[in-house]
Amino acid sequence: MEVVYAAPGRINLIGEHTDYNLGFALPIALPERTVVSYSPTDTDRIVVRSDREDGEVTIALDTAPGAVEGWAAYVAGVVWALRGAGHEVRGGTMSITSEVEVGSGVSSSAALECAVLGALVTAADLPIDRIAQARIAQRAENEYVGAPTGLMDQLAALFGEAKRALLIDFKKTSVEPVYFDPDSAGIGLLLINSRAPHRHAGGEYAARRTACERAAEQLGVSSLREVQDEGVEVLDRLADPVERRRARHILTDNQRTLEVVAALEDSDFGQVGRLLTASQASMRDDFEITTDHIDLIADTAVEAGALGARMTGGGFGGCVIALVADDTVGAVDDAVRRAVADAGYNAPAITRTHAGRGAAAVSRSR
Ligand code: GLA
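The name recorded for the protein chain in an unreviewed UniProt entry is Galactokinase, from Mycobacterium deserti. Taken directly from UniProt, the Subcellular location (unreviewed entry) text for the protein chain runs: "Cytoplasm". Turning to the protein chain, the UniProt record has this under Sequence similarities (unreviewed entry): "Belongs to the GHMP kinase family. GalK subfamily."

Below you can see the structure in the form of structure tokens.
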């Protein structure tokens, strides 16, 4: 038997670092996908190869954190987490191909986890719903790979839909599709890859998470979501000015996320753009997860006529998204390329993108 299963990368329109604070986010799945071909056999290991890497990696079915490192740790982590959830996994061979760029902040990791998981689940007909699948994939990343990330990327990869963004409420763990088709309104969604790699497992992501948890603790609540309705004034009770700013980003980005959903319902892309730009400022000044390079790209896009622009993803590099009217796309593209070159950075990759569908089986043969 061979199962072929695909899962997409994602970009987040707004609501950054809100997931592990049980707030709101609004990602879309990208058209680019990672594809896993899995042939189960009666063996106690999975032998996996990837079009991105030389050679093959052997993963014992009873693998445990620490046993496999590098790119194959995402595969091993899914095997480990799926077995840990009480499911049987068969050995065999897996081959992986991917269109999702690694290290650029579009979550190649969740695409890989969800594609591997989907292949294993489909081959064995396991009755695991998509929320539970997201949690298994997240556990692989948190506990096997060792990156303390939230649940957004996996939910985006699993629930993505064409022409829809996904309003996620991380307190309820609910996903609500929201119509999102800027192309039909004569507006392009540009994905500007700075080509400056970002890092998560690294200390900065974890430090932001710790600061948010400490702020919640000082406020006497289990997560910052619990004070969302009290307004930012509640943060005056925090003694540490850095924690106050970190928490302010979370509360204001949650609010902006809901405002973007309302603006999309009115097809008011001007307002959506302003909210994206406000989120960029909040990530720059309050959460401090942008870089000079990223700020230059976002600022230049807006100065050249974009309706709005912001970094997307965990931060410290990666991609900027911009909403740009059709007749301004060329000017924004030129201005960004020029500004980046003048500042001595690598040339960006700029593409026009849209919301694609979520993880799904491609084929299953006996
Ligand atoms: C990374 C993490 C997500 C989320 C974003 C920031 O992509 O994997 O869980 O925290 O950063 O919004």
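*Asks:* Run through the pairing of strand β7 (residues 164–169), naming residues and quoting values.
*Replies:* Within β7, 5 of the 6 residues are buried, which leaves it mostly tucked inside the rest of the structure. In this structure, strand β2 (residues 24–25) lies alongside β7, joined through 2 bridges in antiparallel fashion. Across the sheet, the residue bridging to A25 is I168, located in β7. With 6 bridges joining them, β7 and strand β8 (residues 174–179) adopt antiparallel strand pairing. Paired with I168 across the two strands is V175, which belongs to β8.

*Asks:* Tell me what's going on with the packing of aromatic side chains, and back it up with residues and numbers.
*Replies:* All chains considered together, the criterion is met by 2 aromatic pairs. Judged by centre distance (5.7 Å) and plane angle (65°), the rings of Y20 and Y205 are edge-to-face. Taken together, the positions of Y20 in the loop between β1 (2–12) and β2 and Y205 in helix α5 (residues 203–218) put the pair 185 residues apart, joining distant regions of the chain.

*Asks:* Go over the sheet that holds strand β9 (residues 187–193), please, and point to the residues and values.
*Replies:* Strand order in the open sheet formed by 4 strands is β10-β11-β9-β12, and the pairing between neighbours is antiparallel. The open sheet has two edge strands with one neighbour each: β10 (308–312) and β12 (349–353). Across the sheet, the mean angle separating the axes of adjacent strands is 25° when strand polarity is ignored. Of the pairings in the sheet, the one linking β10 to strand β11 (residues 319–325) comprises 5 bridges and is antiparallel in character. Each residue of the ladder has a partner; that of A309, found in β11, is A322. Across the sheet, helix α7 (residues 269–285) is in contact with β9, β10 and β11; its angle to β10 comes to roughly 45°. Across the face of the sheet, helix α8 (residues 292–303) comes into contact with β9, β10 and β11 while running at roughly 160° to β10.

*Asks:* Describe the site of the ligand, listing the residues and the values that go with them.
*Replies:* The full set close to the ligand counts 11 residues, and E16, H17, D19, D153 and Y205 are the nearest of them. In this structure, an oxygen atom belonging to the ligand sits 2.6 Å away from a side-chain N or O atom of E16. Protein chains shield 99% of the accessible area of the ligand, which is 300 Å² for the free molecule. For the shell around the ligand, the class distribution of residues is 2 nonpolar, 5 polar and 4 charged. Mapped onto the domain boundaries, the shell around the ligand takes at least three residues apiece from domain 1 (2–176 + 356–365) and domain 2 (181–353).

*Asks:* Would you mind going over the environment of A281 in detail, with residue names and values included?
*Replies:* For A281, the location among the structural elements is in helix α7. The class for A281 is partly exposed, based on a relative accessible area of 23%.

*Asks:* I'd like a rundown of the pattern of salt bridges, residues and numbers included.
*Replies:* Oppositely charged side chains can form a pair if their charged atoms are brought close together. Counting across every chain of the model gives 21 salt bridges. Residue R90 pairs with D42 through a salt bridge whose shortest N-O separation is 3.5 Å. Taken together, the residues R90 in the loop between α1 (72–84) and β6 (92–98) and D42 in the loop between β3 (27–40) and β4 (45–50) connect sequence positions 48 residues apart. R90 sits in the partly exposed class, given a relative accessible area of 41%. For R209, the salt bridge identified is with E213, shortest N-O distance 3.3 Å. Of the two residues, R209 and E213 both sit in helix α5, 4 residues apart, roughly one turn of that helix. Accessibility expressed as a relative area gives 42% for E213, which makes it partly exposed. Each of D183, D326 and R352 takes part in one network of salt bridges that share partners.

*Asks:* So what's going on with the UniProt feature "domain: GHMP kinase N-terminal" (unreviewed entry) in the protein chain? Residues and values would help.
*Replies:* In the numbering used here, UniProt assigns the "domain: GHMP kinase N-terminal" (unreviewed entry) feature to residues 74–160. Helix makes up 59% of residues 74–160 and strand 8%. Its end C-alpha atoms lie 21 Å apart.

*Asks:* Residues and numbers for the sheet that holds β4, please.
*Replies:* In space, the 6 strands of this open sheet follow the order β5-β4-β6-β3-β1-β13, with mixed pairing throughout. Each edge of the open sheet is held by one strand with a lone partner, namely β5 (56–60) and β13 (360–365). Strand-to-strand, the axes of this sheet are offset by a mean angle of 20°, without reference to chain direction. As paired elements, β4 and β6 share 5 bridges and run parallel to each other. Bridged to R49 within β6 is S95. Contacts from helix α4 (residues 152–159) reach β1 and β3, with the element oriented near 120° to β1.

Cut-offs and rules
Residues numbered from 1 in each chain as written. Predicted model: local features only at pLDDT ≥ 70, side-chain atom pairs only at ≥ 80, totals over all residues. Heavy atoms only, no water. UniProt positions renumbered as here; feature names shortened; annotations may be inferred. Buried < 20%, exposed > 50% of the residue type's maximum accessible area, 1.4 Å probe, protein only. Helix = DSSP H or I, 4+ residues; strand = E, 2+ residues; numbered from the N terminus. Pairing = 2+ DSSP bridges. Phe/Tyr/Trp six-rings, centres within 6.5 Å; stacked < 30°, edge-to-face > 60°. Axes fitted to C-alpha atoms, helices over the stretch in contact; angles between N-to-C directions. Contact = heavy atoms within 4.5 Å. Near = heavy atom within 4 Å. Polar contact = N/O pair within 3.5 Å; in protein donor to acceptor, adjacent residues only side chain to side chain. Areas by Shrake-Rupley, 256 points an atom, 1.4 Å probe, with all protein chains shown as cover. Nonpolar A, V, L, I, M, F, W, Y, C, P; charged D, E, K, R; others polar. Domains from an automatic or database assignment. Salt bridge = Lys/Arg side-chain N within 4 Å of Asp/Glu carboxyl O.

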